[in-house]
Amino acid sequence: MVIAIVNQKGGVGKSTTTVNLGTGIADIGYRVAIIDLDPQSNTTSSLLGKPPMDGPTVYDVLDDWKNATNALVRTEVENLFLMPSNINLAGAEIELVSAISRETRLKRAVDSIRNDFDFIFVDCPPSLGLLTLNAMAAADNLIVPIQCEYFALEGLSKLMETYEIVKENLNPNLKILGFLLTMYDTRTRLSLEVAEEVRKYFGDKVFKTIIPRSVRISEAPGFSMPIQKFAPNSKGAIAYNELAKEVVERAQKSIG
């Protein structure tokens with residue numbers, strides 16, 4: 001199953017969720033690939049230390065889908081592979097404008113490796129541009145992280161509108177697997193109110209698991225480690241492992 005982690009707002013936990021959810025599912029025993037489709041390369045840095053400057057990256061894959069297998073690198077997490085990005089990806093959005101089949105470049109690449117993995121996660125940039133459209137066109141499902149802060153739902157109507165357009169024109173089988181509450185602060189009433197508002201709005205599409213605001217989660221990328229390896233007994237690690245189980249369960253129901 002291919003799952004894109006998407007929200008056009010920055011700082012909501014897309015890369016963090018991609019890395020830690022991917023790790024949690026790999027730890028269960030599933031074979032997982034992560035595609036870093038964000039030019040900021042935070043997912044790549046979180047797993048490899050720094051973006052690679054040689055060897056094929058997702059930028060090369062968008063140019064030629066046959067590079068997909070060669071662009072995958074093993075991470076230090078068993079069962080977890082990464083298709084890294086680097087600064088070259090920043091120019092891809094402009095280059096794709098005039099490209100043939102510009103919205104489905106990633107889909108061809110993903111389809112070529114789909115049977116090699118149980119789950120493929122795509123970390124999207126904080127925009128609704130061509131890179132995110134490519135992710136939506138290639139995905140079976142979306143996960144939408146929502147930060148438990150002011151204006152949490154701001155812009156989500158635009159995201160839902162884009163989702164409907166992609167579903168109608170590019171990917172009729174695309175579904176939303178769930179909305180994920182992130183950076184939940186148990187000390188504030190605001191987090192509780194945002195969580196209630198999101199659940200009221202999206203109902204059972206909201207994951208039961210809530211990701212807490214955590215210093216440990218924030219520190220882990222600086223050591224190029226997922227939270228499960230950096231602080232395995234922390235609240236953040238426990239939450240992402242619970243989310244991994246919930247995602248697998250929803251994915252199986254979605255297929256069935």
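Conventions we followed
Residues numbered from 1 in each chain as written. Predicted model: local features only at pLDDT ≥ 70, side-chain atom pairs only at ≥ 80, totals over all residues. Heavy atoms only, no water. Helix = DSSP H or I, 4+ residues; strand = E, 2+ residues; numbered from the N terminus. Buried < 20%, exposed > 50% of the residue type's maximum accessible area, 1.4 Å probe, protein only. Pairing = 2+ DSSP bridges. Axes fitted to C-alpha atoms, helices over the stretch in contact; angles between N-to-C directions. Parallel < 35°, antiparallel > 145°, perpendicular 65-115°, else oblique. Left-handed = near helix turned anticlockwise from the far one by under 90°. Contact = heavy atoms within 4.5 Å. Nonpolar A, V, L, I, M, F, W, Y, C, P; charged D, E, K, R; others polar.

Student: I'd like to hear about unusual backbone geometry, residue by residue, with values.
Tutor: With a phi close to 75 degrees, N79 is a non-glycine residue in the positive phi region. Along the chain, the position of N79 falls in the loop between strand 3 (73-74) and strand 4 (80-83). We note that S224 has phi near 55 degrees; this positive angle belongs to a residue other than glycine. Among the secondary structure elements, S224 is positioned in the loop between helix 10 (215-219) and helix 11 (227-230).

Student: Describe in detail the pairing of strand 1 (residues 2-5), supporting the description with residues and values.
Tutor: Going residue by residue along strand 1, you find V2 and A4 tucked away on one face and I3 and I5 tucked away on the opposite face as well. Pairing analysis gives 4 bridges linking strand 1 to strand 5 (residues 119-123), with the strands arranged parallel. Bridging across to strand 5, V2 finds its partner in I120. As paired elements, strand 1 and strand 6 (residues 141-147) share 3 bridges and run parallel to each other. Each residue of the ladder has a partner; that of A4, found in strand 6, is L142.

Student: Describe the packing of helix 6 (residues 105-113) against helix 7 (residues 130-138), with residues and values.
Tutor: It is the contact of helix 6 with helix 7, at a shortest axis distance of 7 Å, that shows an interaxial angle of 40 degrees. Viewed along their axes, helix 6 and helix 7 adopt a mutual orientation that is oblique. Handedness of the crossing formed by helix 6 with helix 7: right-handed. Contacts between helix 6 and helix 7 involve R105, L106, K107 and V110 from the former and N134, A135, A137 and A138 from the latter. Split by residue class, the contact of helix 6 with helix 7 holds 5 nonpolar, 1 polar and 2 charged.

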